[in-house]
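Listed here are the chains, written in short residue letters.
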Amino acid sequence: MANFFVVSRAKPKSGYASTGLKHLKTLAEFSKANGAVHAEVGMIQTGLNVGSLVALQFFEKMAGIEDIYDKLLTQPTYEELFNTGNLELTGRAIGRIHHRDSVSSDNPKYIVLTKFSSKTEMLTEAKQVMDIFLKNGALSCGYATFGAGDSAGARIMGVRYPSLDSIQTAYEAARSSDVYASALSDVELHFRNLVRLG
């Protein structure tokens, strides 16, 4: 079971995005083969960092993060990406996962990442909001608090979907929910970005 995650964001040089995504997928497979519970990559489709690549890695323990990165830094693929200027690492954060739930084993096409700040962890509210999404088109959801990085203390919810249509359906259901409206009124929204998984 994953209790922690690492999210890394990198900006590819012009014309390198598809190659960079392919190499990040190789590193995701390496991560899974060397102790990560799960790993996936994608390209940001909205917001200030549109066009940047994202890598998400999930771990049972913090020690697993240390172990993977000790190994990753020596991989030729990692060196090809980051030591040549092909990708510029623009952010990395570690978070603790509070909730994770799934209703389908289908492969998602998109993940919506929503970052916000709140005075409390909002564990009950987050679970209720996740349930709304899961009942209305989402495949899986996760909710966490960043513990390290520029966003330390902020919350993040990641919701995976099979299509843009399913995202629309989920948010139409959320907008008509008093639970969602109440939860939204208690937070300061930083961003809601769409990532196309690769």
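Refer to the preceding data block for the structure.
Fair warning: this is a prediction, and the values are worked out from it, not measured in the lab.

A count of helices and strands for the chain gives six helices and eight strands. The secondary structure elements of the chain, listed N-terminal to C-terminal, are β-α-β-β-α-α-β-β-α-β-β-α-α-β. Against the 2.2 N^0.38 benchmark of 16 Å for 198 residues, the chain shows a C-alpha radius of gyration of 17 Å, consistent with a compact globule. Projected onto its principal axes, the C-alpha coordinates of the chain cover approximately 50 × 35 × 30 Å. Looking at the chain residue by residue over its 198 residues, the buried ones come to 46%. For the chain, contacts bridging at least 24 residues in sequence account for 76% of all contacts bridging at least 6. When the accessible area of the chain is evaluated, it comes to approximately 10,000 Å², of which 51% is carbon and sulfur surface. Side chains of the chain carry 21 positive and 20 negative charges; the gap between the two charge centres is 3 Å.

Quick look at helix α4 (residues 123-134) now. Spanning 12 residues, α4 covers 16 Å between terminal C-alpha atoms, matching the ideal 16 Å at 1.5 Å per step. When α4 is considered as a whole, its buried residues turn out to be Ala126, Val129, Met130, Ile132, Phe133 and Leu134. In this fold, the buried residues of α4 make contact with β4 (87-102), β6 (140-148), β7 (155-161), α5 (164-175) and α6 (178-185).

Now for the pattern of salt bridges. Pairing is possible between side chains of opposite charge, provided their charged atoms come close. Tallied over the full model, the rule gives five salt bridges. Taking the shortest distance from any N to any O, the salt bridge between Glu29 and Lys32 comes out at 3.0 Å. Placement of both Glu29 and Lys32 in helix α1 (residues 17-33) is noted, with a separation of three residues, approximately one turn of the helix. The class of Lys32 is partly exposed, set by a relative accessible area of 33%. Among the ionic pairs, Lys71 bridges to Asp67, the shortest N-O distance being 3.3 Å.

Bringing the side chain of Ser166 into the picture now. With respect to the helices and strands, the residue Ser166 is situated in helix α5. In terms of polar contacts, Ser166 uses its side chain to reach the backbone carbonyl oxygen of Ser163, at 2.6 Å. With sequence-adjacent residues up to four places away left out, Ser166 is seen in contact with Asn136, Gly137 and Tyr161.

Rules behind the numbers
Residues numbered from 1 in each chain as written. Predicted model: local features only at pLDDT ≥ 70, side-chain atom pairs only at ≥ 80, totals over all residues. Heavy atoms only, no water. Helix = DSSP H or I, 4+ residues; strand = E, 2+ residues; numbered from the N terminus. Rg over C-alpha atoms; globule rule 2.2 N^0.38 Å. Buried < 20%, exposed > 50% of the residue type's maximum accessible area, 1.4 Å probe, protein only. Contact = heavy atoms within 4.5 Å. Areas by Shrake-Rupley, 256 points an atom, 1.4 Å probe, with all protein chains shown as cover. Lys, Arg positive; Asp, Glu negative; His and termini not counted. Charge placed at Lys NZ, Arg CZ, Asp CG, Glu CD. Expected span 1.5 Å × (residues − 1). Salt bridge = Lys/Arg side-chain N within 4 Å of Asp/Glu carboxyl O. Polar contact = N/O pair within 3.5 Å; in protein donor to acceptor, adjacent residues only side chain to side chain.

Purely spatial values, then, with no claim about function.
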